[in-house]
Amino acid sequence: PVELVATNTQNLQILDIGPNTDPDCDLDVATVRLALIPKREDVTTDVTQVRITRYRVSYTRTDGGRQVPASFVRAMDALVTVGGAVNFSQFLIVEPDALTQSPFVALQPQNGGRDPDTGRPFVKMTVTMEFYGETLGGDRVYDSTQFPLDFCYGCGGCD
């Protein structure tokens, strides 16, 4: 009876993963808007709501590189009404353990400071956020949104 629509407003284009950066940078990359649109005219706000229960983050390289961090899923709890929307920010975009693994570990100065796939001091990716939930009647809903993000080490903080 309803369609979940995820959109985003990107706050940051470059994420510095170096040790002297603001730890909140990772949490303030984008604001995501989850809207619930009725598929029929007879669907009303008092009948249909959606509970969003989790989100998944995955990555696609856009710079020709092959290595990407592992995807991950996080629980969340949000209730969206038909015709309404909820805005979220402060999402985790990269798990802390991922910063000690490929492709990010190669960007550290002691490891050469360059991505082995591209030879560049940064990694360019598209970040995909997928949202899962269901109506209070039990119908599943899903949508996703994407944004580009460049990762670097010691390049000057969040931009």
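The structure we're discussing is the one just above.
**Q** What is the right way to look at the packing of aromatic side chains in this model?
**A** The relation between two aromatic rings is expressed through the spacing of the ring centres and the mutual angle of the planes. Scanning the model with the defined rule gives six aromatic pairs in all. When the ring of phenylalanine 91 is compared with that of phenylalanine 131, the centres are 5.9 Å apart and the planes differ by 70 degrees; the resulting orientation is edge-to-face. Separated by 40 residues along the polypeptide, phenylalanine 91 in the loop between strand 6 (85-88) and strand 7 (122-135) and phenylalanine 131 in strand 7 bring together distant segments of the chain. Residues phenylalanine 91 and phenylalanine 131 agree in their burial class; the two are buried. Taken together, the aromatic side chains of Tyr55, Phe88, Phe91 and Phe131 make up a single cluster linked through ring pairs.

**Q** Is there a simple way to think about the environment of glutamine 146 in this case?
**A** Mapping glutamine 146 onto the fold places it in strand 8 (residues 140-152). Measuring from C-alpha to C-alpha, the distance between glutamine 146 and methionine 129 comes to 6.2 Å, with 17 residues separating the pair along the chain. Once you skip the residues sitting within four places of it in the chain, glutamine 146 turns out to touch Asn8, Thr126, Val127 and Thr128.

**Q** Help me understand the environment of glycine 83, please; the structure alone is not making it clear to me.
**A** Positionally, glycine 83 belongs in the loop between strand 5 (72-81) and strand 6. Note on glycine 83: relative accessible area 67%, which makes it exposed. The spacing of glycine 83 and isoleucine 37 is 46 residues in sequence and 5.4 Å in space, taken between C-alpha atoms. Not counting chain neighbours up to four residues away, the residues in contact with glycine 83 comprise Leu36 and Pro38.

**Q** Explain the nonpolar core here, please?
**A** In summary, soluble globular proteins display a tendency toward joint burial of nonpolar side chains. Counting residues in each nonpolar core, the largest one holds 38 residues, and the members touching the most others are Ile52, Phe91, Ile93, Met129, Phe131 and Phe151. Those elements giving two or more residues to this core turn out to be strand 1 (2-10), strand 3 (30-38), strand 4 (49-61), strand 5, strand 7 and strand 8. Leaving out residues up to four positions away in the same chain, isoleucine 52 has contacts with Leu4, Leu34, Met76, Asp77, Ala78, Val80, Phe131, Tyr132 and Gly133.

**Q** Please clarify how unusual backbone geometry should be interpreted in this entry.
**A** A negative phi angle is the norm for most residues apart from glycine, just as the trans form is the norm for most peptide bonds. With an omega of 5 degrees, the peptide bond between serine 102 and proline 103 qualifies as cis. Looking at the element boundaries, proline 103 is found in the loop between strand 6 and strand 7. The phi dihedral of glutamine 90 falls on the positive side, at around 65 degrees, and the residue is not glycine. On the secondary structure map, glutamine 90 appears in the loop between strand 6 and strand 7. Take glutamine 90: its relative accessible area is 43%, and that puts it in the partly exposed class.

**Q** Would you explain the sheet that holds strand 3 in this entry?
**A** Strand pairing in a sheet is mediated by backbone hydrogen bonds. Such pairs are either parallel or antiparallel. On the basis of which strands lie adjacent, the open sheet formed by three strands has the order 1-3-6 and antiparallel pairing. Edge positions in the open sheet fall to strand 1 and strand 6, since each of these has one partner strand only. The average angle at which neighbouring strand axes cross in this sheet is 15 degrees, direction not considered. Strand direction decides the pairing type here: strand 1 and strand 3, joined by nine bridges, are antiparallel. Bridge pairing in strand 3 links alanine 6 to leucine 34.

What counts, and where the lines are drawn
- Residues numbered from 1 in each chain as written.
- Predicted model: local features only at pLDDT ≥ 70, side-chain atom pairs only at ≥ 80, totals over all residues.
- Heavy atoms only, no water.
- Phe/Tyr/Trp six-rings, centres within 6.5 Å; stacked < 30°, edge-to-face > 60°.
- Helix = DSSP H or I, 4+ residues; strand = E, 2+ residues; numbered from the N terminus.
- Buried < 20%, exposed > 50% of the residue type's maximum accessible area, 1.4 Å probe, protein only.
- Contact = heavy atoms within 4.5 Å.
- Core = buried A, V, L, I, M, F, W, Y, C linked by side-chain atoms within 4.5 Å.
- Pairing = 2+ DSSP bridges.
- Axes fitted to C-alpha atoms, helices over the stretch in contact; angles between N-to-C directions.

Scope: geometric values only; no functional claims are made or implied.
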